[in-house]
Every structure is written in C-alpha cells, then in structure tokens.
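# A look at the structure
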Amino acid sequence: MVSFRWVRIVLTLGVQDEPTSGMDPYSRRSTWQVLQNNRSNRIIVLTTHFMDEADLLGDRIGIMDEGSIRCCGSPMFLKSRCTFVCGVCV
C-alpha cells in the first residue's frame, strides 16, 4: 500500500529590478542584509549588473546576453564551469 503525505508550502514571490543600482556601498550592504534576512519561504527574482551581488544573494544565477540565457547554475558552478571572453575594441 502506498501512502502519500501532502505538504502545503506557501511561497511569496518578489521581483527586484536592480534594487541597489545607484546606491552607496553602505546602503547596498544594508539592502543585501534585508534581502538575506527575508528570503525564507520566498522566491526572489533579482536582476543586477553586479556579480558580487549575484554571488552573495543568489542560490541560482542566470547570465543573459542579448536576451538569451548563456549560463545558469549555482554561484560555485558558474565559477568553475562557465567562462566568458570579454573584449574591448578601441
């Protein structure tokens, strides 16, 4: 006989579009602390241009380029497996 246990999980979705853009370093870190303290039972979708911010706050990170996801995974996975070549034309 197979028994099933139903577990009800209530999740809250929050979308943050570059919440620390234009902030001074102290305010950025304060915002990071607020996000980290309020992340349990929540899904937070965060866009940022700061890789240190993504590394600190993200459980899974997706890197987009020209509207397409180029690489996706945990911060550790991205550091070990995904490499990108950046060039500058002068």
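Residues numbered from 1 in each chain as written. Predicted model: local features only at pLDDT ≥ 70, side-chain atom pairs only at ≥ 80, totals over all residues. Heavy atoms only, no water.

A few words on the pairing of strand β4 (residues 68–73). Strand direction decides the pairing type here: strand β3 (residues 61–65) and β4, joined by 5 bridges, are antiparallel. Paired with isoleucine 63 across the strands is cysteine 71, a residue of β4. Where β3 hands over to β4, the hairpin turn is made up of 2 residues, of which glutamate 66 adopts a positive phi near 50°. (Pairing = 2+ DSSP bridges. Helix = DSSP H or I, 4+ residues; strand = E, 2+ residues; numbered from the N terminus.)

Membership of the largest hydrophobic core is limited to 5 residues, which are Ala54, Ile61, Cys71, Leu78 and Cys82. When sequence neighbours within four positions are dropped, the list of residues in contact with cysteine 82 reads Cys71 and Phe77. (Core = buried A, V, L, I, M, F, W, Y, C linked by side-chain atoms within 4.5 Å. Buried < 20%, exposed > 50% of the residue type's maximum accessible area, 1.4 Å probe, protein only. Contact = heavy atoms within 4.5 Å.)

All right, on to the confidence of the model for the protein then. Of the residues in the protein, 79% have a pLDDT of 70 or more, and the chain-wide mean is 81. Ranking the elements of the protein by mean pLDDT puts strand β1 (residues 12–17) last, at 83, and helix α1 (residues 25–37) first, at 91. (pLDDT = per-residue confidence, 0-100.)

Backbone geometry places glutamate 18, a non-glycine residue, at a positive phi of 45°. Counting through the fold element by element, glutamate 18 comes out in the loop between β1 and α1. Overall, glutamate 18 belongs to the partly exposed group, its relative accessible area being 29%.

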